Structure formats: structure tokens, C-alpha cells
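Report on the structure
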Amino acid sequence: MKSETPIVEIEHVNKSYRRGTHIIPVLENITLEIAEGEFLALMGPSGSGKSTLLNLIAALDRVDNGIIRVGGIDITGLTETELAAWRSVNVGFIFQFYNLIPVLTAFENVELPLLLSGLSRRERREHVELALHVVNLASRMDHYPGQLSGGEQQRVAIARAIVTDPTILVADEPTGDLDRVSAEEILGLMDQLNRDSHKTIIMVTHDPRAAKKAHTIRYLDKGVLNDVHSQAAL
Amino acid sequence: MYILKLLFRNAFRHKLRTSLTVLSITIAILTFGLLRTFINAWYTGAEASSASRLITRNAVSLIFTLPVAYKDRIRQTDGVKQISGGNFFGGTYKDEKTFFANYAVEPRGYLELYPEILLPPDQKEKFLRDRRGCIAGRKLAERYHWKIGDMITLKGTYIPGNWEFVLRGIYHGKYDTTDERVFVFHWDYLNEVLKKRKSFFTDQVGFFMIGVKDPNRAAEVAQAIDKNFKNSLAETITETEKAFVLSFIAMADAIIIAIELVSLVVIIIIVAVAANTMAMTARERIGEYAIFKTLGYRGWRIAGMIFGESLLITMVGCLFGILLTPVAAEVFKDFLGTYFPGFTVKVETIYMDIGAAFLVGLCAAIIPTWRAINIRIADGLRRIG
């Protein structure tokens, strides 16, 4: 269910990287609004700047200029310390390579963001069990990442992303390292989170099949955002 | 608890690498501990010395002697309670390599001055009566399997000849620091032989051991003694027993400094070993640290993980090193015991081991931590996959 209220507002954002003496522009004058409860896919060729844009929205990187507001908060004006605290509450991350800590069990990996929350041990356990139940991995909570398949690891990563009930979920090529069946499962799970829990999801993908799950697809090419394509238009 | 579990699992993620690092630290701490024990053993004599005893020797050098006639003049000095003369004999037993401290002393005064030498009354009586009698410390007697009544022959060095003694007593030390590896015989016996040989050393002593009535007046008494012999043919220097022992130790200053430098080098080496391990570890996990940062973990938490892991590894190595040091010291003691009677690992050495390992753990983690907390999250995440 998509609301008309924008949860993410991006205004005239530019981003470049310095490589030696050269300055390489990555994003140019990006302006974008993402409504609450939207499932947005960012597509584009390699090097188009889609992961950079995702990193900026998730406050993993800083803009050169422009403004990004998430949930009404201008995150471009926050300090590193404030950003760390903000991320831990407002953003859930899903990565291509799952990015689980190999020496921690599925339960412990999902519990990681909650250790910063001030919840009691019992409350943390309840939250973690619920998140693992949502991704249908409650029975494997004591397994280490190395004992799980790629699809299962990604489901643990999704559980970790949703355990704090964040404002937005960002996913960078979430199916890029999975076989077709596992990829379908993960996309189904993300779709379910969007539909049933009204989670705003911003997903970077190369895969048109993955993008089909999104309500809206935006294309980036050479750092410039192209027109809106709704699924209906596709 | 959670963090401890994470530290432990991280530390032993690469079992072979961590085991080799722990082994290196164990060996380094063992070496460091033994070197510190060696330095401590050097100073054992100074620690065992009494504040109420003075030593008077020739002002020119220790190798010059003093007339035994000085004894009565010293005894008459205000503040002097007891006095005994003595010579360092320097004899060897069986062969030149078998050496232990041996002195010719005036026995009655000597035993009164050194109450920490515990000798059974019957053995003491027999020793005092027999001019060729000698006494030996318990550890020395055990080492050479001597029994009361045994004939012991020492070969003189600067006073040549074979010198035969009868073992009349085996003493025990009253304190842990009392040297139980000393051999003592009658100065009269030595002097009698020297007289017959018309030796230059006849009626001469190497030093006087003096007991003072009030230890607080020791400096004053020492000055008074030296004043007695001012402008004589053999001027004296009188100093506390501790200062006298330390002046001996000072002769070997260069060796002690060299050992201290080696122990410092050992610490530097383990810093390098531990730093190498932590640098490899942090480089491999830079992506994981980026994930932690992504999840909202701040720099000090990441620093805590790296410092904690570094300290865990160094402290495990330190623990093994500390446990092995007394065992190794016992083995060394058998070889060095005659020269270093106090070759025992002290509590201070263990504290120094722990301090050194802690310092190593901290130093080793500084650069990897700096790198981990300063890397941009996006760059760190790019290292995964």
C-alpha cells in the first residue's frame, strides 16, 4: 500500500569521487521523491551511480551538495555519530553478498542491531525470534552462516534488516548472488514485507525479473536519473 | 558477555595463525621473564645485605689488602659493636670450571655478625675448634653431596696450592634471600700457611665486616673509621654492606645494560609479531567492520573489538609464558645456581610480564584500529564478495 506522503526526498544532489587529481562525477543534480510504502527499483548499467545513490539515501556516504530528507530529517546535516545512531533505527540493509558475520549464529547475526537499542535480553530474544519467523528460519536460528544455503543466508540478512522495524529497507542487488529459485523466494519475501508490513523498499538491481516486483522503476544512466516507469507502463 | 564471545570466536577464527602468534608471545614472555630473573638474581646479594653491617676495605681498590692490626683500632671506634676480618679466597673445586664463593674469615665474629647463618650448636662448636674446619651452605653441600666430616680440597688461585678442609657444619639460611651456596673457613689457617710461605699476604685481610650498635648511625660510624686511617699507608673506605655489594655489581654494569636492552628488544619483537597478526586480521575483516558501522556501531565499539582481540591473544600467550617461566628457571638454576643463588622468579617479574603483554596487545592494535575506524563504509563494503 503506497501513500502519497514522501518518506525520502532528494533535492539537487551531486556526488563525485576523487581519483588522484581527477574528479569523477557520479551523480548529477538528482531530484527524487519516494513515497511511504513504495517499492522502488533503481536500474541502470554498471557505473551509472545507482549503488552510490542507494548509499547516500542510507547515509553510508555523504553528498557533495544537495539535500536528502528521510522521514522529514535532513540527513546531510547530521554528524557521523548522529548518522550512526540514525542508521541503527531507520535503515535496514540487504546486500548482494548477505554480509553476515561468519562467527555468529543466525540468531546472533539478527540480534546485532538490537544490541545498540537498549532492549533487555528477553525483549531482544522476542524480536529476533519474530524476525526469523517472518523469514521462515526460526528452526535454523542456531546455525552459523556457513551451515546455511545462499538463499537462507539472505533470509537471515533480511531478518537482520527488519528486526529494528526501520523506516526504509535498502537492498543492493539482493538476488545477485542467488540461483533462480532462491532469488524468487527472496523477492517474494520482500514483496510480502512491502505489502503486509508496508515497508518502503529501495532496491538496486540489474535483474529485470527482480525489478518487476517493484511498483516503480527508475533508471540511472551516467549519473542522471531518467523518467519514471511504473509497472503498468512496463 | 556477548562481546567476549565475539572476541573469543574472532581470535580463534584462524586457529593456526592464532596458535603460532600465541606460541611466539609465549616464547617471548618466557625469554623476557628469564632475563628479568637473571637481572634480579644479580641484585640478590644487595637485597640480602643488612643495614646494620659495614664493610671496610682498602681505599685504592678491592685487590689491595688491609693490615689485620686495623681490627683493634676499628673496634675502638664509637658505635662499633662487632668486627671480623676476611679474605676472598677464590679457590676452585675439582677443576677450574667448578667454582663457588669461598672466604677465609675470623669465624666467631663472622657467625655473630651473620645471625641469618643458622648452624646447629654442635656443628658450630666443632667448626670453631678446628682450624682446618669449614662450613658450607645447604645447597652447596647438596650439590656436591658433602656430608659432615668430609675432606674437601680447594685449589688456590691467587694463593696457590691444594688446601684441605674438613666439613664441620652445613648451615641453613634464615631468610629466602640468604645465600646457601657459600663456603667459609678459618682465616687463621690461611694466615698460618701464608706465614710459613713468607707471603706478602701474611697478616693482611681483604675486608673487615663490622656490626654497628645503631643502624641509623652507620654513615657516621663509617666516616669515623675512615678518619682513623687518613694519611696512613693503607687508607680505608667504609660503606654499608649493600653499597659494598652494589659496587661489585656495578663492575658488571655493561652486562646488565646489555641484558636489559635484549629484554627490550624481545618486547619490540613481540609487538611486531602481534601487530602483524592484528594487521592481517583487520585487513581481512575490513568488510565486516564496515557492516558493523552500517548497522550503527560507532568507531569506539570497532576499536573495542580489535583491541579486545589483540589483548586476548597476547594475554593467552602471556599466561603460558608465565606458567613456563618458573619451570625454565628451575632448569637454569641447576646450571647457574652457584653464580646466581637467587635465580628465582619473583612476583615483580610476573607483574612485568603482564604489563609487557598488555602493552604489546595495545600497541599491536593501534594501526589496525585506526585503519578500521577510518575506512569509509562504502569502501569497506566494496571489499566483500
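These notes cover the structure that comes with them.

1. Topic: the overall build of chain B
Across its full length, chain B carries 15 helices and 13 strands. Against the globule reference of 21 Å for 385 residues, chain B gives a C-alpha radius of gyration of 29 Å, more extended than a compact globule. Judged by the C-alpha coordinates and their principal axes, chain B covers about 95 × 45 × 35 Å. Across the 385 residues of chain B, 51% fall into the buried class. Contacts spanning at least 24 positions in sequence make up 79% of the contacts within chain B whose residues lie at least 6 apart. Surface summary for chain B: the accessible area is close to 18,900 Å², and the carbon and sulfur share equals 62%. In chain B, 48 positive and 36 negative side-chain charges are present, and the distance between their average locations comes to 8 Å.

2. Description of the interface of chain A and chain B
In this assembly, 26 residues from chain A lie in contact with 23 residues from chain B. Here chain A and chain B share an interface that buries about 2,300 Å² over both sides, 65% of which is from carbon and sulfur atoms. Our count for the contact surface shared by chain A and chain B stands at three salt bridges. A salt bridge links Arg9 of chain B to Glu108 of chain A, with the shortest nitrogen-to-oxygen separation between them at 2.7 Å. Connecting chain A to chain B are seven residue pairs in polar contact (both at pLDDT 80 or more). Those elements that place two or more of their residues in the side of chain A that touches chain B are β1 (6-19), α2 (80-90) and α3 (106-111) of chain A. The element best represented in the side of chain A that touches chain B is α2 of chain A, accounting for four residues. Of the residues in the side of chain A that touches chain B, the class split is 15 nonpolar, five polar and six charged.

3. Details of the pattern of salt bridges
All chains considered together, the criterion is met by 34 salt bridges over all chains. Between Glu11 of chain A and Arg69 of chain A there is a salt bridge, with its nearest N and O atoms 3.0 Å apart. Of this pair, Glu11 of chain A sits in strand β1 while Arg69 of chain A sits in strand β4 (residues 65-70), placing them 58 residues apart in sequence. By relative accessible area, which is 23% here, Arg69 of chain A ends up partly exposed. For Asp207 of chain A, the salt bridge is made with Arg209 of chain A, and the minimal N-O distance between the two is 3.8 Å. A network of salt bridges, in which partner residues are shared, links Lys15 and Asp61 of chain A together with Arg376 and Asp379 of chain B.

4. Here we look at helix α1 (residues 50-57) of chain A
All names here are of chain A. By the criterion of burial, α1 is predominantly enclosed, with seven of the eight residues buried. Among the residues making up α1, those that are buried are Lys50, Thr52, Leu53, Leu54, Asn55, Leu56 and Ile57. Remark: Ala59 follows α1 within two positions and exhibits a positive phi of approximately 60 degrees.

5. Some points on the packing of helix α11 (residues 253-284) of chain B against helix α14 (residues 347-374) of chain B
Residue and element names in this part refer to chain B. At a minimum axis distance of 8 Å, the contact between α11 and α14 shows a crossing angle of 40 degrees. Taken as axis vectors, α11 and α14 run oblique relative to one another. By crossing handedness, the relation of α11 to α14 is classed as right-handed. For the pair formed by α11 and α14, the contact residues are Ile267, Ile270, Val271, Ala274, Ala275, Met278, Ala279 and Ala282 on the first element and Ala356, Val360, Cys363, Ala364 and Pro368 on the second. Taken together, the residues of the contact of α11 with α14 break down into 13 nonpolar, no polar and no charged.

6. Structural notes on the packing of aromatic side chains
All names here are of chain B. What the rule picks out here adds up to 26 aromatic pairs over all chains. For the pair Phe100 and Phe183, a centre-to-centre distance of 5.8 Å together with 45 degrees between the ring planes defines the contact as tilted. Here Phe183 lies in strand β10 (residues 182-186) and Phe100 lies in the loop between β4 (92-93) and β5 (101-105), a separation of 83 residues in the sequence. By relative accessible area, which is 0% here, Phe100 ends up buried.

7. Considering unusual backbone geometry
Glycine aside, residues mostly have negative phi angles, and peptide bonds mostly take the trans form. All names here are of chain B. The backbone phi angle of His145 is positive, close to 55 degrees, even though this residue is not glycine. Mapped onto the elements, His145 comes out in the loop between α7 (138-143) and β8 (151-155). By relative accessible area, His145 is classed as exposed at 64%. A positive phi angle, close to 55 degrees, is found at Asp203, a residue other than glycine.

Criteria and thresholds
Residues numbered from 1 in each chain as written. Chains lettered and ligands numbered in written order. Predicted model: local features only at pLDDT ≥ 70, side-chain atom pairs only at ≥ 80, totals over all residues. Heavy atoms only, no water. Helix = DSSP H or I, 4+ residues; strand = E, 2+ residues; numbered from the N terminus. Rg over C-alpha atoms; globule rule 2.2 N^0.38 Å. Buried < 20%, exposed > 50% of the residue type's maximum accessible area, 1.4 Å probe, protein only. Contact = heavy atoms within 4.5 Å. Areas by Shrake-Rupley, 256 points an atom, 1.4 Å probe, with all protein chains shown as cover. Lys, Arg positive; Asp, Glu negative; His and termini not counted. Charge placed at Lys NZ, Arg CZ, Asp CG, Glu CD. Buried area = accessible area lost by both parts, 1.4 Å probe. Salt bridge = Lys/Arg side-chain N within 4 Å of Asp/Glu carboxyl O. Polar contact = N/O pair within 3.5 Å; in protein donor to acceptor, adjacent residues only side chain to side chain. Nonpolar A, V, L, I, M, F, W, Y, C, P; charged D, E, K, R; others polar. Axes fitted to C-alpha atoms, helices over the stretch in contact; angles between N-to-C directions. Parallel < 35°, antiparallel > 145°, perpendicular 65-115°, else oblique. Left-handed = near helix turned anticlockwise from the far one by under 90°. Phe/Tyr/Trp six-rings, centres within 6.5 Å; stacked < 30°, edge-to-face > 60°.

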